[in-house]
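# Residue-level structural notes
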Amino acid sequence: MTYAITQTCCNDATCVAVCPVNCIHPTPEERAFGSTEMLHIDPRACIDCGACADACPVDAIFPVDSLSAGQREYAAINAAYYEGAEPLAAEVDGPNFHAWGEPVFERSLPSDFGPLRVAVVGTGPAGMYAAQDLLLHTAAEVTLIDRLPVAGGLVRYGVAPDHPATKKVGDTFSRFHSHPRVRMHLGIEVGRDVTAEELSAHHDAVIYAVGASTDRRLGVPGEESPGCVSATSFVAWYNAHPEAVAQGVDLSAERVVVVGNGNVALDVARILVADPEALAATDIAAHALDALRASRVREVVVLGRRGPEDAAYTRSELLALKHVPGVELVVDAHDPRTAAAIDAAGAGDRAGVLKGLARVRTDAASPTGGERRIVLRFHSEVREILGDGGGVNSVRVTDGGDGDGTADLAAGLLLRAIGYRGLPVPGLPFDETSGTVPHEGGRVAGVPGSYVVGWIKRGPSGGIGANRTCAAETVGTLLADAVAGTLPAPTGDAKGFRRLARQRNRRVVDARGLAAIDRAERDRGRRDGRPRVKLSTVEELVATARSGRLLRLGR
């Protein structure tokens, strides 16, 4: 029996480090790492030890014999990656299965080097991988800062609720929240409560992991209509983000158009037509669950500007879309190039996953009754969003291979999922074109002692696991600067920053407060038979943090 890596692979390569026979590729040292959608286990070399499955932070690795019906395709996907490649030779001259190279400690400080005090701004995957690196490889003291009064970032507010295995990476990060060398200040925003200069004055270095929190625009007439919503906002809404709760989403129409061909587009399409009772077993926001139970949406049309061979979503997410209970996945055949690309695709190609799916023509009118479905419509661009001033009535899209013809699709909601974009950080340089902070290996250009990691560093590319190698580079640069003596000397200390933070914002949440929030949400979940029921406003989060902390202190 061999193991296989499945849909939820986060690409952070933790499994690579524990494999005794080097049968998981590509490794971080290989050129292909980061360019493949997932890692792969070589079935010819796997010795069935299970070390990779134990180490995987997102439960993506299973014995082939235990794969569910929806996962069985991954056995072939893993094996296909190694077709034509020579099997790895076993080490026969010693007790080791694999001939390892000399150990390398790229991210460490000399033993006589004093502990650094480093602030990490942002508690999503990028920030927590950086904090983890510092805590595991050095004696650094880490200050965790987030503008929201709860930690988690993308894991809490970006991962779809029906992907609970992916959310488990948060458990890996949460063990560092109470680390003895960590101090946590949640609810503090750089530029609002403290300046970048004040933050640097109390730390040897500052790492900014603030992500890409806004979305890109379509630039077409009618985009300002109330029925045109960013997927960023929609995802935040169903994940109980405090800044998205009040907006609400109108799900009274039978058709929704989603613009974009990435994983986020597939996420929102899937959530819109999924069985609400299945979602009731997840941590989806209570207000979103109520809205989905009352929803009239029967069809989601996903528009892609290019063909199926060039779609940005991963094969894993597309495969999962084929197995959503009670939801039909079909392809719109309005453009002959779509069918040609699917028919010509190989088994390992992204377009090849669409073979066997029904091909339809999307009618102008909304569907009435019948099974819920998702329609993948390629070679189709939005030309105009039409409405009566109170919302969206229809979406005008290109129709036909020449690109000149158009069709109007009746729809009551349009979600744009065409990419994320970073916002400027007050006190740091900013590249308006790329939406990133200019840097060299993570070192912010022209601001000694300041560093970036994650999407604000490299742009909105790569999933959760990509931040592990990104953080390794940034931390390596920071430590090299420390050894070279180029870090500015701080004028304040940790206690001084704590006083400053609480003077500026009386509602700061610390590690004890965060633990109280976690307990309260899990308790609410147990009462409803769910993993957790999230607190969805800043007021609820802060009050729970404070009451739980006072209770533990016996007040």
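Summary of the structure given here. (Residues numbered from 1 in each chain as written. Predicted model: local features only at pLDDT ≥ 70, side-chain atom pairs only at ≥ 80, totals over all residues. Heavy atoms only, no water.)

## Observations regarding the overall build of the protein
Tallying secondary structure elements over the protein gives 19 helices and 23 strands in all. Relative to its length of 555 residues, the protein is compact, with a C-alpha radius of gyration of 25 Å against a globular reference of 24 Å. C-alpha atoms of the protein, sized along the principal axes, occupy 70 × 65 × 50 Å. Taking all contacts inside the protein whose residues are at least 6 apart in sequence as the whole, residues at least 24 apart take part in 75%. With the model as given, the accessible surface of the protein reaches about 24000 Å², and the carbon-plus-sulfur share is 50%. One way to put it: in the protein the 60 positive side-chain charges average out to a point 7 Å from where the 69 negative ones average out. (Helix = DSSP H or I, 4+ residues; strand = E, 2+ residues; numbered from the N terminus. Rg over C-alpha atoms; globule rule 2.2 N^0.38 Å. Contact = heavy atoms within 4.5 Å. Areas by Shrake-Rupley, 256 points an atom, 1.4 Å probe, with all protein chains shown as cover. Lys, Arg positive; Asp, Glu negative; His and termini not counted. Charge placed at Lys NZ, Arg CZ, Asp CG, Glu CD.)

## What about helix 14 (residues 336–344)?
An α-helix turns once every 3.6 residues. As a result, residues three or four positions apart point the same way. All of the buried residues along helix 14 are T338, A341 and I342. Along the long axis of helix 14, the arc covered by the buried residues comes to 95°, so they all point the same way. Residues of helix 14 that are exposed and angled more than 90 degrees away from the buried face: P336 and A344. Contacts made by the buried residues of helix 14 are with strand 13 (327–332) and strand 14 (359–360). The N-capping residue of helix 14, defined by a side-chain oxygen 2.9 Å from the backbone nitrogen of R337, is D335. (Buried < 20%, exposed > 50% of the residue type's maximum accessible area, 1.4 Å probe, protein only. Arc of directions from axis to C-beta. Polar contact = N/O pair within 3.5 Å; in protein donor to acceptor, adjacent residues only side chain to side chain.)

## Quick notes on the sheet that holds strand 18 (residues 406–410)
The antiparallel open sheet is built from three strands, whose spatial order is 16-17-18. Unpaired on one side and paired on the other, strand 16 (382–387) and strand 18 mark the two borders of the sheet. Between one strand axis and the next, the sheet turns through 25° on average, direction left out of account. Taken together, the five bridges between strand 17 (residues 392–398) and strand 18 define a ladder with antiparallel strand orientation. Across the sheet, residue V397 finds its bridge partner in strand 18, namely A407. (Pairing = 2+ DSSP bridges. Axes fitted to C-alpha atoms, helices over the stretch in contact; angles between N-to-C directions.)

## Focus on unusual backbone geometry
Omega for the bond connecting H25 with P26 falls within 30 degrees of zero, at -5°, which places this linkage in the cis form. Following the sequence through the fold, P26 ends up in the loop between strand 2 (24–25) and strand 3 (40–41). One non-glycine residue with positive phi stands out, namely A13, at about 65°. As for its placement among the helices and strands, A13 is situated in the loop between strand 1 (3–5) and helix 1 (14–18).

## Thoughts on the pattern of salt bridges
For the coordinates displayed, the defined rule picks out 37 salt bridges. Ionic pairing is found between K534 and D283, a salt bridge with its closest N-O pair at 3.8 Å. Taken as a pair, K534 in the loop between helix 18 (511–528) and helix 19 (538–552) and D283 in the loop between helix 11 (276–279) and helix 12 (286–293) lie far apart in primary sequence, 251 residues in all. Pair check on accessibility: K534 and D283 agree, each one buried. When the shortest N-O distance is used, the salt bridge between D399 and R361 registers 3.6 Å. Here the residue D399 occupies a position in the loop between strand 17 and strand 18, and R361 occupies one in the loop between strand 14 and strand 15 (372–377), the gap between them amounting to 38 residues. Since its relative accessible area comes to 47%, R361 is described here as partly exposed. Look at the salt bridges and you will find they share partners, linking R156, D518, E521, R522 and R532 into a network. (Salt bridge = Lys/Arg side-chain N within 4 Å of Asp/Glu carboxyl O.)

## Brief notes about the packing of helix 4 (residues 125–137) against helix 16 (residues 466–484)
It is the contact of helix 4 with helix 16, at a shortest axis distance of 8 Å, that shows an interaxial angle of 50°. As the angle between them shows, helix 4 and helix 16 are arranged oblique. Note on packing geometry: the crossing formed by helix 4 with helix 16 is right-handed. Touching P125, A126, Y129, A130, D133 and L134 of helix 4 are N467, R468, A471, A472, V475 and L479, all from helix 16. Here the contact of helix 4 with helix 16 is built from residues that sort into nine nonpolar, one polar and two charged. (Parallel < 35°, antiparallel > 145°, perpendicular 65-115°, else oblique. Left-handed = near helix turned anticlockwise from the far one by under 90°. Nonpolar A, V, L, I, M, F, W, Y, C, P; charged D, E, K, R; others polar.)

## Observations concerning the packing of aromatic side chains
Applying the stated rule across the entire model yields five aromatic pairs. The interplanar angle of 85° and the centroid separation of 5.1 Å between the aromatic rings of Y81 and Y82 together place this pair among those described as edge-to-face. Of the residues examined, Y81 reaches a relative accessible area of 33% and is grouped as partly exposed. For the pair Y129 and F173, a centre-to-centre distance of 5.0 Å together with 85° between the ring planes defines the contact as edge-to-face. Placement of the pair is Y129 in helix 4 and F173 in helix 7 (residues 169–174), with a sequence separation of 44 residues. Take Y129: its relative accessible area is 4%, and that puts it in the buried class. Here F173 falls in the buried class, since its relative accessible area comes to 4%. (Phe/Tyr/Trp six-rings, centres within 6.5 Å; stacked < 30°, edge-to-face > 60°.)

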